Amino acid sequence: MEGTNPVNKKLAAALSGGAVLVLALSGCGGDDGNEKLDAWAKQVCDAVQPQAKKIAAANAAIQKETSDRSTPAEVQKTDAQAFQDMSDAYKAIGTAVNKAGPPDVENGEKKQQDAVKELNGISSSYASLRKQVDALDTKDQAKFADGLKDIATELDKLSQSGNDALRTLEEGEVGQAMAQQESCQGASASPSVTQG
């Protein structure tokens, strides 16, 4: 079953780029004493943490599938489940940001709405990737590998395009408030959250 492995590695590489997105939801900064903003950040961070874990787990499942000598059917099953989990997780984060309302900063409403729109868009993209994986022909090794290649390309685009509104949401005071939330620090891929 060697044919699937290099392609699935490409898939895993593209995926880990996409998963960084949510794990970036914590930066570093000092306390600006804005209680309203701190409460907002806590609400969002608490909601994000379990979803970030879900995304990391989905990512790990795909990574694991690349190191095993897995059959196309096994790869398909794992990848489809991972994309579904990611789709659900981004949707849940979008809902959480929406529910939290605009952060108490300049242009807070626009930042919030843009981020929600982006998160929902990412969720839809992962849902359509799931459909693509489900539709692959696992009986034909070469076709299956080609199909995975296309999905890896899509993922690559997704991981590069999907961060702008979230970055904007996390600029300045919002990022500082989020950095102080334990749940956001826990969601971060980087252990050095306390510096800043």
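Residues numbered from 1 in each chain as written. Predicted model: local features only at pLDDT ≥ 70, side-chain atom pairs only at ≥ 80, totals over all residues. Heavy atoms only, no water.

Chemist: What is the right way to look at the overall build of the protein chain in this model?
Modeler: Looking only at helices and strands, the protein chain features eight helices and zero strands. The order of helices and strands in the protein chain, counted from the N terminus, is α-α-α-α-α-α-α-α. By residue count, 47% of the 196 residues in the protein chain fall in the buried class. Across the protein chain, contacts joining residues at least 24 apart in sequence account for 85% of those joining residues at least 6 apart. Element-wise, carbon and sulfur atoms account for 49% of the exposed surface of the protein chain, whose accessible area totals about 9600 Å². (Helix = DSSP H or I, 4+ residues; strand = E, 2+ residues; numbered from the N terminus. Buried < 20%, exposed > 50% of the residue type's maximum accessible area, 1.4 Å probe, protein only. Contact = heavy atoms within 4.5 Å. Areas by Shrake-Rupley, 256 points an atom, 1.4 Å probe, with all protein chains shown as cover.)

Chemist: Quick question: what am I supposed to make of unusual backbone geometry here?
Modeler: Comment: phi is negative for the bulk of residues other than glycine, and the bulk of peptide bonds are trans. Unlike most non-glycine residues, N107 shows phi in positive territory, near 55°. For N107, the location among the structural elements is in the loop between α3 (72–100) and α4 (108–134).

Chemist: Got a minute to help me understand the state of the cysteines in this structure?
Modeler: Simply put, the disulfide is a covalent bond whose two ends are the sulfur atoms of two cysteines. Taken as a whole, this structure holds one disulfide when the rule is applied. Paired by a disulfide, C45 and C184 hold their sulfur atoms 2.0 Å apart. Given an S-S torsion of about -85°, the disulfide between C45 and C184 has left-handed geometry. Here C45, found in helix α2 (residues 35–67), pairs with C184, found in helix α8 (residues 182–187); they are 139 residues apart in sequence, far enough to count as distant. Judged by its relative accessible area of 0%, C45 falls in the buried class. (Disulfide = S-S within 2.5 Å.)

Chemist: Whenever I open this one, the packing of aromatic side chains confuses me. Can you help?
Modeler: Each aromatic ring pair is summarised here by two numbers: the centre-to-centre distance and the angle between the ring planes. By the definition in use, this model includes two aromatic pairs. Seen from their ring centres, Y90 and Y126 are 5.6 Å apart, and the 5° between their planes marks the pair as stacked. Residue Y90 is located in helix α3, and its partner Y126 is located in helix α4; the two are separated by 36 residues in the primary sequence. On the basis of relative accessible area, Y126 is assigned to the buried category, the value being 1%. (Phe/Tyr/Trp six-rings, centres within 6.5 Å; stacked < 30°, edge-to-face > 60°.)

Chemist: I'm lost on the packing of α3 against α4 in this one. Help?
Modeler: How two helices pack is summed up by the angle between their axes together with the distance between the axes. Two numbers describe how α3 lies on α4: the axes approach to 8 Å, and their chain directions differ by 165°. Judged by the inter-axis angle, α3 sits roughly antiparallel to α4. The two elements α3 and α4 meet at a crossing, and its hand is left-handed. Of the residues assigned to the contact of α3 with α4, the class counts are 13 nonpolar, eight polar and four charged. (Axes fitted to C-alpha atoms, helices over the stretch in contact; angles between N-to-C directions. Parallel < 35°, antiparallel > 145°, perpendicular 65-115°, else oblique. Left-handed = near helix turned anticlockwise from the far one by under 90°. Nonpolar A, V, L, I, M, F, W, Y, C, P; charged D, E, K, R; others polar.)

Chemist: What is the right way to read the pattern of salt bridges from this model?
Modeler: When the charged atoms of two side chains with opposite charge come close together, those side chains can pair. One pass over the structure, following the stated rule, counts five salt bridges. The salt bridge involving D134 is made with R130; its shortest N-O contact spans 2.9 Å. Separated by four residues within a single helix, D134 and R130 lie in helix α4, roughly one turn from each other. Residue class for D134 comes out partly exposed when judged on its relative accessible area of 40%. (Salt bridge = Lys/Arg side-chain N within 4 Å of Asp/Glu carboxyl O.)

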